[in-house]
Number of protein chains: 2
Amino acid sequence: MLYSKYCEYSIRALAYLGANSQKKNYLLVKEISEKTNIPCAYLHKIFQDLASNTNWIVSKKGRNGGVTMSIESRKIKLMDIIKLCDGVQTIRKCIFGGEKECKAHPKCKMYEYCSYILNEITTFYEKTTLDVIAKMDPF
Amino acid sequence: MLYSKYCEYSIRALAYLGANSQKKNYLLVKEISEKTNIPCAYLHKIFQDLASNTNWIVSKKGRNGGVTMSIESRKIKLMDIIKLCDGVQTIRKCIFGGEKECKAHPKCKMYEYCSYILNEITTFYEKTTLDVIAKMDPF
DNA sequence: TTTAAACATTATAAAAAGGTCTTTTTATCC
DNA sequence: GGATAAAAAGACCTTTTTATAATGTTTAAA
């Protein structure tokens, strides 16, 4: 619940892709789906979105087609994926609700109070790149 | 996105209630709804659920009725509310997905890797009680 | 006995998650 | 080169969950 399912899937799929697609090696969506336990059709949509909104992956239609990473996986942070899928506000919001409230009280004490943990979470997502995950061999 | 809207509302509503209902002082749901910016009908349901699943609040029907806190607000932690509304797994799950995966790999390195930040978050929710919030006067 | 309040139930809306089927692209086989 | 098969892309649909609204019922104090 730290992020949406869509986002969770994106992270898993990209981590797998990063770990297993050496350059010019196209992987089948079906294979990735099975290995990462993500519904195949849904994964298709995720890769479509990733392909059209980022330069992280390249897909190839037709025989011998598939999906491959087009950037080094150490360059993709969890934070990048979360921002893309769920938006920035996902993380940087007061436990008390949206930013709206906080802007109404620019010196909102609640927000100050939360900021320590929000910073910790942010740092964690910033420092965790896909290759860090790959090294843990979670598949 | 750290928790559901339902949970966020519950926190806000309880915080307001804790801060404003001295014992035996019943507050109108309508008033709470306006002050906390929660849709009135929805708030009704939240209070119903709280009344039947916890011993935190008491409601009184009829004229001069309303809702009041039946426990000291320093005894309610954010964690309690989150557990109640969204379930424990909300917090204590690996960034890689459910516990299922982690149980399959009992020594899952990903889970180990996450546990620091998960502990930080848990601690934050454990230490933040409703009276801590009330002291910040966020309404 | 009226009236103000919570309670209960049902319906609606919107978003998230997932599935199905058709189209397009592309390598390979003949 | 044309046929074929394998793959992603794309459009559309269904289901589930979440959030909200509306409406009537019950309770109890004045």
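No experiment lies behind these values; they were computed from the predicted model shown. (Residues numbered from 1 in each chain as written. Chains lettered and ligands numbered in written order. Predicted model: local features only at pLDDT ≥ 70, side-chain atom pairs only at ≥ 80, totals over all residues. Heavy atoms only, no water.)

**Student:** Quick one: what's the story with the protein's contact with DNA strand D, residue by residue and with numbers?
**Tutor:** Around DNA strand D sit 22 residues, and of these Val-29 and Ser-59 of chain A together with Lys-5, Tyr-9 and Tyr-42 of chain B come closest. Restricting the count to atoms of DNA strand D within 4 Å of the protein gives a sugar and phosphate share of 80%. Contacts to DNA strand D include Ser-59 of chain A, whose side-chain N or O atom sits 2.2 Å from a phosphate oxygen. Sorting the residues of the surface near DNA strand D by element identifies helix 3 (40-53) and strand 1 (57-60) of chain A together with helix 1 (5-20) and helix 3 (40-53) of chain B as the ones contributing at least two each. Of the residues forming the surface near DNA strand D, the biggest block, three residues, is contributed by helix 1 of chain B. (Near = heavy atom within 4 Å. Polar contact = N/O pair within 3.5 Å; in protein donor to acceptor, adjacent residues only side chain to side chain. Helix = DSSP H or I, 4+ residues; strand = E, 2+ residues; numbered from the N terminus.)

**Student:** Got a sec to walk through the interface of chain A and chain B? Specific residues and values, please.
**Tutor:** On the chain B side, the residues contacting the 35 residues of chain A number 34 residues. Surface buried jointly by chain A and chain B totals about 3,400 Å² across both partners, of which 69% is contributed by carbon and sulfur atoms. Taken together, the links from chain A to chain B amount to zero salt bridges. Viewed at the interface, chain B and chain A are joined by four residue pairs in polar contact (both at pLDDT 80 or more). Listed by contribution, the elements that provide at least two residues to the side of chain A that touches chain B are helix 1 (5-20), helix 4 (78-86), helix 6 (109-127) and helix 7 (130-135) of chain A. Along the lines of polarity and charge, the residues of the side of chain A that touches chain B split into 21 nonpolar, six polar and eight charged. (Contact = heavy atoms within 4.5 Å. Buried area = accessible area lost by both parts, 1.4 Å probe. Salt bridge = Lys/Arg side-chain N within 4 Å of Asp/Glu carboxyl O. Nonpolar A, V, L, I, M, F, W, Y, C, P; charged D, E, K, R; others polar.)

**Student:** Report on the packing of helix 6 of chain A against helix 6 (residues 109-127) of chain B, specifying residues and quantitative values.
**Tutor:** Between two packed helices, both the angle of their axes relative to each other and the distance between the axes serve to describe the pair. In the contact formed by helix 6 of chain A and helix 6 of chain B, the axes pass within 11 Å of each other and the chain directions differ by 170°. Comparing the axis directions of helix 6 of chain A and helix 6 of chain B gives the class roughly antiparallel. Our pair here, helix 6 of chain A against helix 6 of chain B, has a crossing hand that is left-handed. Contact residues: Tyr-113, Cys-114, Tyr-116, Ile-117, Glu-120, Ile-121, Phe-124 and Lys-127 of chain A in helix 6 of chain A; Tyr-113, Cys-114, Tyr-116, Ile-117, Glu-120, Ile-121, Phe-124 and Lys-127 of chain B in helix 6 of chain B. Looking at side-chain class alone, the contact of helix 6 of chain A with helix 6 of chain B contains twelve nonpolar, no polar and four charged residues. (Axes fitted to C-alpha atoms, helices over the stretch in contact; angles between N-to-C directions. Parallel < 35°, antiparallel > 145°, perpendicular 65-115°, else oblique. Left-handed = near helix turned anticlockwise from the far one by under 90°.)

**Student:** Before we move on, could you go through the protein's contact with DNA strand C and cite the residues and values that matter?
**Tutor:** Neighbouring DNA strand C are 22 residues, the closest being Lys-5 and Tyr-9 of chain A together with Val-29, Ser-59 and Lys-61 of chain B. Atoms of DNA strand C within 4 Å of the protein: sugar and phosphate make up 76%, bases the balance. In this structure, Lys-5 of chain A approaches DNA strand C through a main-chain N or O atom, which is 3.2 Å from a phosphate oxygen. Here a base oxygen of DNA strand C sits 3.4 Å away from a polar atom, N or O, in the main chain of Arg-63 of chain A. Put simply, the parts of the chain that give the surface near DNA strand C at least two residues each are helix 1 and helix 3 of chain A together with helix 3 and strand 1 (57-60) of chain B. Counted by class, the surface near DNA strand C contains eight nonpolar, seven polar and seven charged residues.

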